[in-house]
Amino acid sequence: MDAVRLIRVGRHALAQSQEPLDILTEAWQAQALTQAIGGMLAMKGPPELRGEAQGLCEAGGRGCGTIDWSSLCASGVSVPGLSAARPPELRPRAAQLGEVVDPRGALVGLGGLLGEVGIALVAVACAADEEGFYWQTIEAIDAADESNDRVRGLLRRLTVWEHGRLQGAADSAGSS
């Protein structure tokens with residue numbers, strides 16, 4: 001499945017999330033997608049962008065690790081739907097990623113998704129009753145912010161790269 005389509009699915013799922021656990025799960029999903037898109041661009045994207053894309057992949061990977069589900073279950077945090085008997089379903093939607101057809105569109109959409117994740121997590125943190133849960137939510141907010149910073153950096157590099165290609169093509173056409 002294309003990255004832009006997966007991002008749309010993630011945004012819809014986040015918009016439908018009402019419970020703190022569902023929002024945390026969607027934050028995790030967004031970070032997994034960030035990791036996958038960054039990894040794919042690092043392998044198959046323009047060579048000039050591969051270093052930044054690898055950084056995006058790494059940021060997404062760190063973001064996936066910010067939520068410690070087992071400690072939340074063990075601590076008895078009062079989160080609807082969260083219990084040791086029913087840990088969250090964590091199958092990454094990002095496993096369906098087949099290609100990044102439109103890198104710019106994917107990065108713009110991913111930036112939007114990560115921004116929405118951050119806003120939703122702020123609401124979860126504000127409503128948190130348990131300190132451990134609060135701090136895990138804050139770490140997830142920081143991870144989403146770091147990933148979004150990487151997306152913006154990659155978009156800047158992409159703009160410079162595209163401008164250079166257009167300028168090179170114009171120079172070649174002018175000298176013919």
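The text that follows walks through the structure, step by step, so that each part is easy to find. It should be emphasised that the depicted structure is a prediction, and the values quoted were computed from it without experimental measurement.

## Re the overall build of the chain
Next, step 1: For the chain, the helix and strand inventory stands at 6 helices and 0 strands.
Next, step 2: Listing every helix and strand of the chain by position from the N terminus yields α-α-α-α-α-α.
Next, step 3: Evaluated residue by residue, the chain yields a buried proportion of 45% over its 176 residues.
Next, step 4: Pairs at least 24 apart in sequence give 80% of the contacts found in the chain among residues at least 6 apart.
Next, step 5: Carbon together with sulfur atoms contributes 54% to the accessible area of the chain, which is approximately 9,000 Å² in total.

## Structural notes on the side chain of Glu-26
Next, step 1: Inspection of the secondary structure assignment puts Glu-26 in helix 2 (residues 20-44).
Next, step 2: In contact with Glu-26, not counting residues within four places along its chain, are Gly-10, Ala-13, Leu-14, Ser-17, Arg-93 and Val-117.

## Structural notes on the pattern of salt bridges
Next, step 1: Applying the stated criterion to the full structure yields 5 salt bridges.
Next, step 2: For Arg-93, the salt bridge is made with Glu-26, and the minimal N-O distance between the two is 3.0 Å. Residue Arg-93 is found in the loop between helix 4 (69-75) and helix 5 (103-127), and its partner Glu-26 is found in helix 2; the two are separated by 67 residues along the sequence. Like Arg-93, the residue Glu-26 is buried in the burial classification.
Next, step 3: As a salt-bridge pair, Asp-149 and Arg-152 come within 2.2 Å of each other at their nearest N and O atoms. In this pair, Asp-149 and Arg-152 both sit in helix 6 (residues 131-174), 3 residues apart, roughly one turn of the helix.
Next, step 4: Accessibility expressed as a relative area gives 38% for Asp-149, which makes it partly exposed.
Next, step 5: Since its relative accessible area comes to 38%, Arg-152 is described here as partly exposed.

## Comments concerning helix 3 (residues 50-64)
Next, step 1: The terminal C-alpha atoms of helix 3 lie 21 Å apart, and with 15 residues this matches the ideal 21 Å at 1.5 Å per residue to within 8%.
Next, step 2: All of the buried residues in helix 3 are Ala-53, Gly-55, Leu-56, Cys-57, Ala-59, Gly-60, Gly-63 and Cys-64.

## Examining empty space enclosed by the protein
Here the idea is plain: a probe the size of a water molecule rolls over the atoms and shows the empty space left.
Next, step 1: Applying the stated criterion across every chain, the model contains 2 cavities of 30 Å³ or more.
Next, step 2: Taken together, Leu-6, Gly-10, Leu-14, Glu-26, Gln-29, Ala-30, Leu-33, Arg-93, Ala-94, Leu-113 and Val-117 make up the full set of residues lining the largest cavity.
Next, step 3: Elements with a minimum of two residues in the lining of the largest cavity: helix 1 (3-16), helix 2 and helix 5.
Next, step 4: Ranked by residue count, the leading element in the lining of the largest cavity is helix 2, at 4 residues.

## Brief notes about the nonpolar core
Soluble globular proteins tend to pack their nonpolar side chains together in the buried interior.
Next, step 1: Membership of the largest hydrophobic core comes to 41 residues, with the highest contact counts inside it found for Ile-37, Leu-107, Leu-110, Leu-113, Val-117 and Leu-121.
Next, step 2: Those elements giving two or more residues to this core turn out to be helix 1, helix 2, helix 3, helix 5 and helix 6.
Next, step 3: Top contributing element to this core by residue count: helix 2, with 11 residues.
Next, step 4: Beyond its immediate sequence surroundings of up to four residues, Leu-110 is in contact with Ile-7, Ala-30, Thr-34, Ile-37, Leu-56 and Val-151.

## Let's talk about the packing of helix 2 against helix 3
Next, step 1: Put simply, helix 2 and helix 3 touch, their axes get as near as 7 Å, and they point 155° apart. With respect to each other, helix 2 and helix 3 are oriented roughly antiparallel. Judged by the sense of rotation from one axis to the other, the crossing of helix 2 with helix 3 is left-handed. Across from Trp-28, Gln-31, Ala-32, Thr-34, Gln-35, Gly-38, Gly-39, Leu-41, Ala-42, Met-43 and Lys-44 in helix 2, the residues of helix 3 making contact are Arg-50, Ala-53, Gln-54, Leu-56, Cys-57, Ala-59, Gly-60, Gly-61, Gly-63 and Cys-64.
Next, step 2: Here the contact of helix 2 with helix 3 is built from residues that sort into 10 nonpolar, 9 polar and 2 charged.

## Description of the packing of aromatic side chains
Next, step 1: Applying the stated criterion to the full structure yields 1 aromatic pair.
Next, step 2: On the numbers, 4.9 Å between centres and 80° between planes, the contact of Tyr-134 with Trp-135 is edge-to-face.
Next, step 3: Owing to a relative accessible area of 31%, Tyr-134 belongs among the partly exposed residues under this scheme.

What counts and what doesn't
Residues numbered from 1 in each chain as written. Predicted model: local features only at pLDDT ≥ 70, side-chain atom pairs only at ≥ 80, totals over all residues. Heavy atoms only, no water. Helix = DSSP H or I, 4+ residues; strand = E, 2+ residues; numbered from the N terminus. Buried < 20%, exposed > 50% of the residue type's maximum accessible area, 1.4 Å probe, protein only. Contact = heavy atoms within 4.5 Å. Areas by Shrake-Rupley, 256 points an atom, 1.4 Å probe, with all protein chains shown as cover. Salt bridge = Lys/Arg side-chain N within 4 Å of Asp/Glu carboxyl O. Expected span 1.5 Å × (residues − 1). 1 Å grid on protein atoms, 1.4 Å probe; cavity = no way out; pocket = protein on both sides within 12 Å on 5 of 7 lines; lining within 4 Å. Points joined across faces, edges and corners; volume = space filled by probe spheres on them. Core = buried A, V, L, I, M, F, W, Y, C linked by side-chain atoms within 4.5 Å. Axes fitted to C-alpha atoms, helices over the stretch in contact; angles between N-to-C directions. Parallel < 35°, antiparallel > 145°, perpendicular 65-115°, else oblique. Left-handed = near helix turned anticlockwise from the far one by under 90°. Nonpolar A, V, L, I, M, F, W, Y, C, P; charged D, E, K, R; others polar. Phe/Tyr/Trp six-rings, centres within 6.5 Å; stacked < 30°, edge-to-face > 60°.

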